[in-house]
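# An overview of the molecular structure
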Amino acid sequence: MSKNKISYICVDEPNLQPIEEELKGLDYDLSVQICNSEGETIEAIKGADLIINEGVPMSASVINEIDNAKSIVSFGHGFDRIDHDAATENKIMLTNTAGFCSEEVSNHAIMLLLSCAKHLNFLNNLVKSGQWDKAPSEGMRKYLAEKNLYMPPIYNQTLGLIGFGNIARATARKAKSFGLNVITYDPYIEPWIAREYDVEVFNSLDSIAKLSDYVSIHLPLNNETKKIINKSFFENMKKTAFIINTCRGATIDEEAMIDALNSDSIAGAGLDVFEHEPIDDSNPLITFSNVIMTPHTAGTSTGSDEILYKYVGQEAYRILNNQWPMSLVNPDVKSMIPNRKPSMTK
């Protein structure tokens, strides 16, 4: 039997050791190709049985050139750089590594929520600029009123989650420890999942906007979710509410959010992701004192990269061992691919 051919496409030198550790027991050849153009990517994937993709864009025109591979294993949660519709049309399984940083991203979402609620930027700057006297007690309340800032109590307020996948569920679990009431909008959620997490499900985004004191977005970026948080959503939000985003920047209509901040239609935002990254120096979001920003690092920790590479290797092992992957992004492809064994925990 010929060896399985794995094409590892990336934009920088990869860390192969944890992946190869998970591939033990399989007979394979692995080639690493750094790809900086579509042409290089097309050449790199020719003849491969499996493609591992670390950060390389794959448009429909690239995917249509795949001649043998049955699957693409993509790093991380997000898969918007890969045309998953084209993968399905070509009967190619696309899998990500969902779950590798669910705890980290949910921690980051809670951190941004608390930082917004307590105006961490503002208080930090007061202390560092020698204005301690403006912070305590009555002075603080007066100053907040002058700046039209609102500092809610957090307890007994409502957190609205847009999407209720792994990260949102972890966020809900942690939010409840602060006494937050949690609601969600997710048209694909099974009712027993909502009951398990004691979360109320609403069938419209408008309901989430109107009822929430905090809105946290937890969606993949695709044609359905691009700019799903738009002008209408912001118009329905409370003036005292905050928006939190740790998924993908383009799920929000950034121009509409800037308008909402400029008009004091919302209280502020906590953002780890942006429509264009890295963020441009001229982006108005930088100027708002009620916007807390981090550089797309919600999933980062000392241990998360190690888990990420491990999950990539495990998914590659399952696929080459004729199993279904654990985290299939395009499940419609299942009806096109026969005779695979169930996913097994490695």
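Keep in mind that what you see is a predicted model, and the values were worked out from it rather than measured. (Residues numbered from 1 in each chain as written. Predicted model: local features only at pLDDT ≥ 70, side-chain atom pairs only at ≥ 80, totals over all residues. Heavy atoms only, no water.)

In this section: the overall build of the protein. Across its full length, the protein holds 13 helices and 12 strands. Taking 346 residues into account, the globule formula puts the C-alpha radius of gyration at 20 Å, and the protein, at 22 Å, falls close to it. With the principal axes as the frame, the protein shows a C-alpha extent of 80 × 45 × 35 Å. Summarising the internal contacts of the protein: among those between residues at least 6 apart in sequence, 61% fall at separations of at least 24. Accessible surface, the protein as shown: approximately 16900 Å² in total, 49% of it carbon and sulfur. If the 31 positive side-chain charges of the protein are averaged to one point and the 46 negative ones to another, these points end up 6 Å apart. (Helix = DSSP H or I, 4+ residues; strand = E, 2+ residues; numbered from the N terminus. Rg over C-alpha atoms; globule rule 2.2 N^0.38 Å. Contact = heavy atoms within 4.5 Å. Areas by Shrake-Rupley, 256 points an atom, 1.4 Å probe, with all protein chains shown as cover. Lys, Arg positive; Asp, Glu negative; His and termini not counted. Charge placed at Lys NZ, Arg CZ, Asp CG, Glu CD.)

This part is about the sheet that holds strand E4 (residues 71-74). Sheet architecture is open: 5 strands sit in the order E2-E1-E3-E4-E5, paired in parallel fashion. In this open sheet, the two edge strands, each paired with only one partner strand, are strand E2 (28-34) and strand E5 (93-95). With direction set aside, neighbouring strand axes in the sheet form an average angle of 20°. As defined by bridge partners, strand E3 (residues 50-54) adjoins E4 across 3 bridges and the pair is classed as parallel. The residue bridging Ile51 from the neighbouring strand is Ile72, located in E4. Each of strand E1 (4-10), E2 and E3 touches helix H2 (residues 38-45); the most contacted strand, E1, lies at about 165° to it. Sheet strands touched by helix H13 (residues 304-320): E1, E3, E4 and E5. Its angle to E3, the strand with the most contacts, is close to 165°. (Pairing = 2+ DSSP bridges. Axes fitted to C-alpha atoms, helices over the stretch in contact; angles between N-to-C directions.)

As a further point, take the pairing of E1. Among the 7 residues that make up E1, 5 are buried, leaving the element largely enclosed by the rest of the structure. Sheet analysis places E1 next to E2, joined by 7 bridges and oriented parallel. Note on E2: the bridge partner recorded for Tyr8 is Val32. The parallel pair E1 and E2, bridged by helix H1 (residues 17-22), forms a crossover whose chirality is right-handed. Where E1 lies against E3, 5 bridges are found, and the strand directions are parallel. Of the residues in E3, the one forming a bridge with Cys10 is Glu54. (Buried < 20%, exposed > 50% of the residue type's maximum accessible area, 1.4 Å probe, protein only. Right-handed = clockwise from strand over helix to strand, strands pointing away.)

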